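# What the coordinates show
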Amino acid sequence: MLDSLHRFVHDGGMLALLGVSVWVGCARQEQSSQSTSNSNMLKGAAWQWSDELIQVSSTASNRDAWKELLNDSGSKVQRKPAGSIGSNACRECHPGQYDRFQESAHGRSARDAIATERIRHDHWTHEPSGRLYEVGGDQEGIWHRETIPGKHSKVFAVQQAKMDLELGSGTQALTCLFRDGEFLCESPVTWYRQTEDWGLSPGYDPAKIPTFSRAVTTSCVFCHVGSIDVVNDNPNQFAIREVTISCERCHGSGAAHVDFHNRGDVPNADAGRDMRTEIGVTSSDPIVHPAKLSRERSEAVCSQCHLQGEVLATAPGQDLWDFVPGELLSTNRTDFQTPHDDNTLRLVGHTEQLHASVCYQQSATLTCITCHNPHQHFEGAATIDAYRQVCVSCHQDDACGIEIQKRVSVNQNDCSKCHMPLRPTNVTHAALHDHTIGVHAESYRLAELTPPKQQERPKQKQVVLNSSFLYPLVNEASVADAEMERRLALVTHNLFFNERHLQQITADMPRAQKVLLGLHRSGNSGAAVDVALAQDYLDADLLEPARQLATAVDQSEKLFSDAKINATHILAQIAFRQQRNAVALKKFETLTHNRRVSGDHYLLAICLINAGQVDAAVASLENALRIDPTLWVAHEQLAVLFQHLDKPARSRAHRKAMVEIKSQALSIP
């Protein structure tokens, strides 16, 4: 059961996280003593419930627990990016640049979730699953709700949450986040510009993924907010300090810049990293000017968010937030991609598309900021003209094969409509201009010509590493061969244990394991490598070497890094299998404090039952259901416990819920 539950809570590499109100039971249409219509529910709700309804939780949970965690004297809080002081500090000396940036999409990347004219009471049914989704807002905020229908009853469960943050500029979409105690979670509901309507968030499939359960980690918000405070190095527990993309994400630490001007001299070599002549600083000022960087380093500033592969690996001891503007991207990470249909446009693929362009390949200077200036904001015809002027700075206007009258009448003489056509992406309801600049099939059609047969988009050259299924999107020579092998081995391991591209990745696993084992034996492994090896041994049922490796990581990582959390999870599983109940109980309890996973609470409950702590076990099982109301094994255990506690009505309700879930196959097998 542990193995199947492990696969359940970690399907797709995602941890099941939730902070919502959940009601589970059998709904009736007739009047009863309980109703979900109250101040915490969306206005207009009219669901009526039987007396056997189980209210698993309420929104009265401590929404400010994250503030308490930040202020706890035992917490170590780290600002990321390091040295961030916030864009308001830039405004005093650079008011013009600041104001223009605020008008850009980057300057509108996120905001507090408040009710606006766009937020109207809306509802729709997701046809494949039959689930009802509702959105509403009032002076108290924005609410999202999901109603899961039953097979033997009108309603099986209801989940809802009050939104705290809205991500996105609105150019493509707006997605909401909500707080549950110390954790941030993503709503399954997103507003899309293309349809001017609500729909399921990217990647959500309610038939497979427990909704209102997606974890939001520090990596998730990296491309949406300016700075964060991370608690105890835990990627699951953090506070957002600057809500929108900040000046410092492109220009580097403001603290060193302000210190330089206040003192009138150059920061020490360690603070300045002695990169001044290489990374585009001026007159020894440590601030970074992307326009003065080399093309590779300038692109890295944009690619920290506008380059995204299937999976990535960071340099030892780093995460995404450790990227420093002015460095090569490979100093911080490598993004790997899998072979794919080149006609499929990925939402975040601007850099690799540009690299496949003949314009880029035949120029030594063309890069992102040749066309895009974050300090300028155009609308309408001014936007078309601004981009056209960039094109004609290299291409003669009369060199176009289409006469000017037709260009104006067909596409307003907009170069991008022909040579960077708007295409659908791998994200529903989101279309982007193809950054593979060239002559496309759309180019011919827009010119009212017939495109040649088999007209294809230009392809990016794929650099294959040792015949691996994966390849790096940017293969910079600055990364040593041994380090690139380490990164490739880690991402191969990641895909294998998350069961993605399993057939192809399985063939690469022996090489990846050999690389990781070699690093461990050489004493140059690090926590990420050792915890990956521990997982390999656990998967092979070699518990003792798995325990030794996980214990070493657990002891060496003083804070709750991702590696330490994964090591704790491995140690909990080993203790559980070996029936060392006290050890397993302690480890699962630690996990429940550092991440929000339904399986952690469920297995903690089993350990509590074994320890004779029935009331605590009931509370832990109810927490598991608050995170995922479709976890049928938790309903099964509660049915047994409530029968033991002489509470037959509650026992019967959970047993009905279990039957309902299994009959609909709501949980993942």
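Report follows, based on the coordinates. (Residues numbered from 1 in each chain as written. Predicted model: local features only at pLDDT ≥ 70, side-chain atom pairs only at ≥ 80, totals over all residues. Heavy atoms only, no water.)

Strand order in the open sheet formed by 3 strands is β18-β19-β22, and the pairing between neighbours is antiparallel. Looking at strand neighbours, the two that pair on one side only are β18 (311–314) and β22 (471–472), the edges of this open sheet. Sheet analysis places strand β19 (residues 333–337) next to β22, joined by 2 bridges and oriented antiparallel. Residue pairing for β22: phenylalanine 336 is matched across the bridge by proline 472. Packed onto the sheet, helix α16 (residues 481–497) meets β18 and β19 and runs at close to 135° relative to β18. (Pairing = 2+ DSSP bridges. Helix = DSSP H or I, 4+ residues; strand = E, 2+ residues; numbered from the N terminus. Contact = heavy atoms within 4.5 Å. Axes fitted to C-alpha atoms, helices over the stretch in contact; angles between N-to-C directions.)

Tallied over the full model, the rule gives 5 aromatic pairs. Summarising the aromatic geometry, the rings of phenylalanine 178 and phenylalanine 212 are spaced 5.9 Å apart at their centres and angled 55° between planes, so their arrangement reads as tilted. Remark: phenylalanine 212 occurs in the loop between β14 (197–200) and β15 (214–216) and phenylalanine 178 occurs in strand β12 (residues 173–180); sequence separation between them is 34 residues. A relative accessible area of 0% places phenylalanine 178 in the buried class. On the basis of relative accessibility, which here comes to 0%, the residue phenylalanine 212 falls in the buried class. For the ring pair phenylalanine 496 and phenylalanine 497, a centre distance of 5.1 Å and an interplane angle of 85° mean the geometry is edge-to-face. A cation over a ring is seen here: arginine 295 above tyrosine 360, with NZ or CZ 3.8 Å from the ring centre. Between lysine 662 and the ring centre of tryptophan 632, over which it is positioned, the NZ or CZ distance is 4.4 Å. (Phe/Tyr/Trp six-rings, centres within 6.5 Å; stacked < 30°, edge-to-face > 60°. Buried < 20%, exposed > 50% of the residue type's maximum accessible area, 1.4 Å probe, protein only. Lys NZ or Arg CZ within 6 Å of the ring centre and 35° of its normal.)

With that out of the way, let us pick up the pattern of salt bridges. For the structure on display, the rule yields 26 salt bridges. Residues arginine 423 and aspartate 434 are paired through a salt bridge, measuring 3.0 Å at the closest nitrogen-oxygen approach. Of this pair, arginine 423 sits in strand β20 (residues 422–424) while aspartate 434 sits in the loop between β21 (431–433) and α15 (441–446); the two residues are 11 residues apart in sequence, bridging distant segments of the chain. Aspartate 434 shares its class with arginine 423; the two are buried. Linked by salt bridges that have partners in common, Arg79, Asp229 and Arg241 make up one network. (Salt bridge = Lys/Arg side-chain N within 4 Å of Asp/Glu carboxyl O.)

As a further point, take unusual backbone geometry. In the segment running from lysine 80 into proline 81, the intervening peptide bond is cis, with an omega of -5°. Take proline 81: it is sitting in the loop between β5 (77–80) and α3 (88–91). Positive phi, normally seen in glycine, also occurs at asparagine 232, with a value near 55°. Along the chain, asparagine 232 turns up in the loop between β16 (227–231) and β17 (238–242). One non-glycine residue with positive phi stands out, namely glutamine 412, at about 60°.

Pairing between sheet strands relies on hydrogen bonds along the backbone, with the strands arranged either parallel or antiparallel. Spatially, 3 strands are ordered β5-β16-β17 in an open sheet, and the strand pairing comes out antiparallel. Looking at strand neighbours, the two that pair on one side only are β5 and β17, the edges of this open sheet. Across this sheet, the average inter-strand angle for adjacent strands is 25°, counted without regard to direction. In this structure, β5 lies alongside β16, joined through 4 bridges in antiparallel fashion. Bridge pairing in β16 links glutamine 78 to valine 230.

With 14 residues, helix α21 (residues 581–594) extends 20 Å between its outermost C-alpha atoms, agreeing within 8% with the 20 Å of an ideal straight helix rising 1.5 Å per residue. The inward-facing, buried residues of α21 contact β13 (183–192), α19 (543–556), α20 (562–577) and α22 (598–610). (Expected span 1.5 Å × (residues − 1).)

Two numbers describe how α20 lies on α21: the axes approach to 8 Å, and their chain directions differ by 150°. One way to sum up the angle between α20 and α21 is to call them roughly antiparallel. Pair α20 / α21 crosses with left-handed handedness. Of the residues in α21, those touching α20 at Ile565, Thr568, His569, Leu571, Ala572, Gln573, Ala575 and Phe576 are Val583, Ala584, Lys587, Phe588, Thr590, Leu591 and Asn594. (Parallel < 35°, antiparallel > 145°, perpendicular 65-115°, else oblique. Left-handed = near helix turned anticlockwise from the far one by under 90°.)

Along the chain, serine 201 turns up in the loop between β14 and β15. There is a polar contact of 2.7 Å between the side chain of serine 201 and the side chain of threonine 190. Apart from the residues lying within four places of it in its own chain, the contact partners of serine 201 are Thr175, Glu186, Ser187, Pro188, Val189, Thr190 and Tyr192. (Polar contact = N/O pair within 3.5 Å; in protein donor to acceptor, adjacent residues only side chain to side chain.)

As a further point, take the nonpolar core. Phe588, Tyr602, Leu621, Leu631, Ala634 and Leu638 are the most contacted members of the largest nonpolar core, which totals 25 residues. Every element with two or more residues in this core is listed here: α20, α21, α22, α23 (614–627) and α24 (632–644). Looking at this core element by element, the count peaks at 7 residues for α22. Counting residues in each nonpolar core, the second largest holds 23 residues, with Leu490, Val553, Leu571 and Ile574 among its members. (Core = buried A, V, L, I, M, F, W, Y, C linked by side-chain atoms within 4.5 Å.)

Further remarks concern helix α6 (residues 254–263). Within α6, the full set of buried residues consists of Gly254, Ala256, His257 and Phe260. The buried residues of α6 all sit within an arc of 165° when viewed along its axis, so they share a single face. Turning to α6, the residues buried within the fold contact α5 (248–251). Capping of α6 at its N-terminal end is provided by serine 253; its side-chain oxygen lies 3.2 Å from the backbone amide nitrogen of alanine 255. (Arc of directions from axis to C-beta.)

Mapped onto the elements, serine 246 comes out in the loop between β17 and α5. With sequence-adjacent residues up to four places away left out, serine 246 is seen in contact with Ser87 and Gly226.

By themselves these figures say nothing about function.
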